[in-house]
Amino acid sequence: MSTQITSKIKPGLALCLSIVFGTGTSGQPQSFLNQAASGASIRGRADLPWQRPLTEDAIWKKSMKDGLEFYRGGDYLQAINSFQSAVKRAKLQKLIPECLTGSLYQLGLSYQRADKLLEAECTWRELLALDKTSSSHPDVMRAYLNLASLYEKLNRLPAAESMYKRLLAIEEQSLGSDNPEIARSLNDLAAFYERNQRQKEALALYSRILQIKEVNIPNRKCDPYVATITYRLAKRYLENQELEKAKGLFQKAIDCRRLYPGRHSIDLADAVMGMGQCYAARGENYQAEKLLLESLAMRIDSLGPKDQQIATVSSIVGQFYLSIGQNTKALAFFTKSLQIAEQLLGPSDPGLASHLLSVAKAQEKLGSYGQAEQNFNRVIALSQSNTFPAKLRKAVAFRSLANVYVIQNRFPVALEYLTNSLEIFRTLNHPEVVSIQQQLKALSRYTSLKTDDLESSQAALPLAQTLIDSDENVAALAILNRAIAKTASNDQALLVRLLLRQATVYQKLGKLSQAETSAKQAQSIVLAKQGQNCLSMAGPCITLARLYSCQSKTKQAAANYETALRLYERHSHPDTSILAKEYASMLKRTTPGVNSAKPKEDRPSDRPSSL
């Protein structure tokens, strides 16, 4: 869009209405009217057209005037009748082309607002048929956008993509591929790719927008639009776990948005929150906490303490605390989020379900099983619609309730709720179906065995592992504790495996001293029964090495890795090279001066050794 015309969009709207309603030009120069009607390579974005040609045809003017009044009043069916009359008049009298494009554009909008999608599509296509003579006319340009939006709504995604690309091609041909005015079309196409999970294409387009803008505005320190695109690009890199790129772009967006206080304060809060999420993904929890809380405080300053955005960001902060094991803080932020949502929506609104789900998860981790059960049931009661989000929340609540009942040793009820969860996940074609099937199979076997049977302790291992894989560590710990209590004097090999699995769960829950106690107890059993040179000693050593490594106790971790490696090598274990790489990765991460030319290491497994 040319800079000259862009700056006159609002005066152009007033001029358009003055022409249609017959109130004169209000002193606007005739040269601007001619320029607005000339078909420059621009596109307006307002619902009502901001330009209309000067015409003396009274019938066309009256039809347009009536249509615009009905449209502004929300009576779209009457607007359709008026704009149909205007289209017929423009064709019959062979009025100048801008009369027909303007009439068709308003008719298409009215059809779309009245949810007459087939008629809207036909109208937009008729308008686009004028492409050969009026492709650069604003109404034609906007028709591509509206038709793309319509196709997206109808899930005709290839057709929608074609419209976005056609609009971009027209602007590139008219303005050049490096003109900054094509950024809006690039952004439309990138946003389409984002909405349809095509992140690679979106990233490429956002990068191109930044390159065009930086070339064309070299003397400006920053630009709000550039900051917005930089932020979106950073979000995509964060989702792809390209954390270094994301961090640099978030910082650039923050620096730019700090130059534009006031109306850009929420945008700045978004960028600060993105940086906080980036630090959280890198495991730098102190910086992450600081930035997330700063973002929340900025929103409260701008919006007040009871805005919907405050509820959303409070929930994000709560999720951060939940992920690092600070469950009490997590519950406080989830409760705050729920309270704001209840005040805004009321106690029975389905929108509360996601907030209740978070509160119940935190209560479960804190051992408040009665309150968690009550809130999970509220989630189910509020999630009765057939939408994908409602069904997903209901399925998650059923599964969470099943795990609460596992913790309480109420296994038949747990089986019932887990089955309900599986049925819903199946209707959603959700990838969780496989893990729930495995958990259901393990739980069914465990429940069918006698509680005093040693076989039930053996069945506890696969059940606990399915719970660990689903991050249901509290339920896994309950199963393991029960099995360990029954196995102490019966089967020491099984007891060692249970203790090592217990150590893994304790580590995931942040209970490091208990994890060390369990691993050392397993080590003592193996030492007393088989001696220090048996292969079974490697399992406790690996578990302890990983535990010490996460605490940066490098010497203790190294000693246990070396013992385990010695045993693996002596017994020609097939995983010797994998363990060696894991040990080298730990040294590289924690010890200065270690050769950085070594190959990239595999991340250590969360699973304990099966030995």
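Residues numbered from 1 in each chain as written. Predicted model: local features only at pLDDT ≥ 70, side-chain atom pairs only at ≥ 80, totals over all residues. Heavy atoms only, no water.

**Overview of the overall build of the chain**
Thought 1: Along the backbone of the chain there are 30 helices and zero strands.
Thought 2: Across the chain, every contact between residues at least 6 apart in sequence was considered, and the portion connecting residues at least 24 apart equals 58%.
Thought 3: A total accessible area of about 28,800 Å² is found for the chain, and carbon and sulfur atoms account for 51% of it. (Helix = DSSP H or I, 4+ residues; strand = E, 2+ residues; numbered from the N terminus. Contact = heavy atoms within 4.5 Å. Areas by Shrake-Rupley, 256 points an atom, 1.4 Å probe, with all protein chains shown as cover.)

**With respect to the confidence of the model for the chain**
Thought 1: For the chain, per-residue confidence averages 79 on the pLDDT scale, and 81% of positions sit at 70 or higher.
Thought 2: Residue range residues 594-611 is modelled with pLDDT below 50. Its contacts to residues more than four positions away, or to other chains, number 33 contacts. (pLDDT = per-residue confidence, 0-100.)

**Examining unusual backbone geometry**
Thought 1: Positive phi is not limited to glycine here, since aspartate 115 has a value of about 65°.
Thought 2: Take aspartate 115: it is sitting in the loop between helix H6 (97-113) and helix H7 (117-128).
Thought 3: With a phi angle near 60°, serine 552 is a residue other than glycine that sits in the positive phi range.
Thought 4: Inspection of the secondary structure puts serine 552 in the loop between helix H28 (538-550) and helix H29 (554-570).
Thought 5: We classify serine 552 as exposed; its relative accessible area is 56%. (Buried < 20%, exposed > 50% of the residue type's maximum accessible area, 1.4 Å probe, protein only.)

**Overview of the packing of H6 against H7**
Thought 1: Between H6 and H7, the least distance of the axes is 8 Å, while the angle of their chain directions is 160°. Classified by the angle their axes make, H6 and H7 are roughly antiparallel. When the axes of H6 and H7 are compared, the crossing they make is left-handed. Contacts between H6 and H7 involve Thr101, Leu104, Tyr105, Leu107, Gly108, Leu109, Tyr111 and Gln112 on the former and, on the latter, Glu119, Ala120, Thr123, Trp124, Glu126 and Leu127.
Thought 2: Broken down by class, the residue content of the contact of H6 with H7 amounts to eight nonpolar, four polar and two charged. (Axes fitted to C-alpha atoms, helices over the stretch in contact; angles between N-to-C directions. Parallel < 35°, antiparallel > 145°, perpendicular 65-115°, else oblique. Left-handed = near helix turned anticlockwise from the far one by under 90°. Nonpolar A, V, L, I, M, F, W, Y, C, P; charged D, E, K, R; others polar.)

**Remarks on the pattern of salt bridges**
Two side chains of opposite charge can pair, provided their charged atoms sit close to one another.
Thought 1: Applying the stated criterion to the full structure yields 16 salt bridges.
Thought 2: For arginine 198, the salt bridge is made with glutamate 161, and the minimal N-O distance between the two is 3.0 Å. Taken together, the positions of arginine 198 in the loop between helix H11 (183-195) and helix H12 (199-216) and glutamate 161 in helix H10 (residues 157-175) put the pair 37 residues apart, joining distant regions of the chain.
Thought 3: Between glutamate 284 and arginine 282 there is a salt bridge whose closest N-O contact spans 2.7 Å.
Thought 4: One salt-bridge network, held together by shared partners, links Glu161, Lys165 and Arg198. (Salt bridge = Lys/Arg side-chain N within 4 Å of Asp/Glu carboxyl O.)

**Observations regarding the packing of aromatic side chains**
Thought 1: Throughout the structure, instances matching the rule amount to nine aromatic pairs.
Thought 2: Here the aromatic rings of phenylalanine 320 and tyrosine 321 are separated by 5.4 Å at their centres, their planes lie at 55°, and the arrangement is tilted.
Thought 3: Ring plane angle 75° and centroid distance 5.4 Å describe the contact between phenylalanine 411 and tyrosine 446, whose orientation is recorded as edge-to-face. With a gap of 35 residues between them, phenylalanine 411 in helix H22 (residues 411-427) and tyrosine 446 in helix H23 (residues 432-448) connect regions that are remote in the sequence. Of the two residues, phenylalanine 411 and tyrosine 446, both sit in the buried class.
Thought 4: Each residue in the set Phe320, Tyr321 and Phe333 is aromatic and connected to the rest through ring pairs, giving one cluster. (Phe/Tyr/Trp six-rings, centres within 6.5 Å; stacked < 30°, edge-to-face > 60°.)

**Section: the nonpolar core**
Thought 1: Within the largest apolar cluster, 176 residues are counted, with the highest numbers of intra-cluster contacts made by Trp124, Phe250, Phe376, Leu443 and Ile479.
Thought 2: If we ignore the near neighbours within four places in the chain, the residues touching leucine 443 are Val406, Phe411, Ala414, Leu415, Leu418 and Leu463. (Core = buried A, V, L, I, M, F, W, Y, C linked by side-chain atoms within 4.5 Å.)

**As for helix H24 (residues 454-469)**
Thought 1: Its 16 residues place the ends of H24 24 Å apart at the C-alpha level, agreeing with the 22 Å of an ideal helix rising 1.5 Å per residue.
Thought 2: Largest kink in H24: about 25°, centred on alanine 460, with the proline proline 462 one to four residues after it.
Thought 3: Ser456, Ser457, Ala459, Ala460, Leu461, Leu463, Ala464, Gln465, Thr466, Leu467 and Ile468 are the residues of H24 that are buried.
Thought 4: Residue aspartate 471 follows H24 closely and has a positive phi angle near 65°. (Expected span 1.5 Å × (residues − 1). Bend = angle between axes of the 7 residues up to and from the residue.)

**Structural notes on the packing of helix H21 (residues 388-407) against helix H25 (residues 473-487)**
Thought 1: Closest axis-to-axis distance for the H21/H25 pair is 8 Å, and the angle between their directions is 30°. For the element pair H21 / H25, the angle class is roughly parallel. For H21 against H25, the interelement crossing comes out left-handed. Residues Asn403, Val406 and Ile407 of H21 form the contact with H25, whose own contacting residues are Val474, Ala475, Ala478 and Ile479.
Thought 2: Of the residues in the contact of H21 with H25, the class split is six nonpolar, one polar and no charged.

**Topic: the side chain of glutamate 161**
Thought 1: The exposure class of glutamate 161 is buried, given its relative accessible area of 12%.
Thought 2: Within the structure, the side chain of glutamate 161 is placed 3.0 Å from the side chain of arginine 198, a separation counted as a polar contact.
Thought 3: Once residues within four sequence positions are removed from consideration, glutamate 161 is found in contact with Leu189, Phe192, Tyr193 and Arg198. (Polar contact = N/O pair within 3.5 Å; in protein donor to acceptor, adjacent residues only side chain to side chain.)

**Re helix H4 (residues 58-72)**
The periodicity of an α-helix, 3.6 residues per turn, causes residues three or four positions apart to be oriented the same way.
Thought 1: Between the first and last C-alpha of H4 there are 21 Å, a value that for 15 residues agrees with the 21 Å anticipated at 1.5 Å per step.
Thought 2: By the burial criterion, the buried members of H4 are Trp60, Ser63, Met64, Gly67, Leu68 and Tyr71. On an axial view of H4, the arc spanned by its buried residues comes to 130°, and they lie on one face. Across from the buried face of H4, at angles greater than 90 degrees, the exposed residues are Ala58 and Lys62.
Thought 3: At the C-terminal side of H4, glycine 74 shows a positive phi close to 85°. (Arc of directions from axis to C-beta.)

**A few points about the environment of methionine 298**
Thought 1: Locating methionine 298 in the fold gives a position in helix H16 (residues 285-303).
Thought 2: When the C-alpha positions of methionine 298 and valine 272 are compared, they lie 9.5 Å apart, and in sequence the two are 26 residues distant.
Thought 3: Setting aside its immediate chain neighbours within four residues, methionine 298 contacts Ser265, Leu268, Ala269 and Val272.

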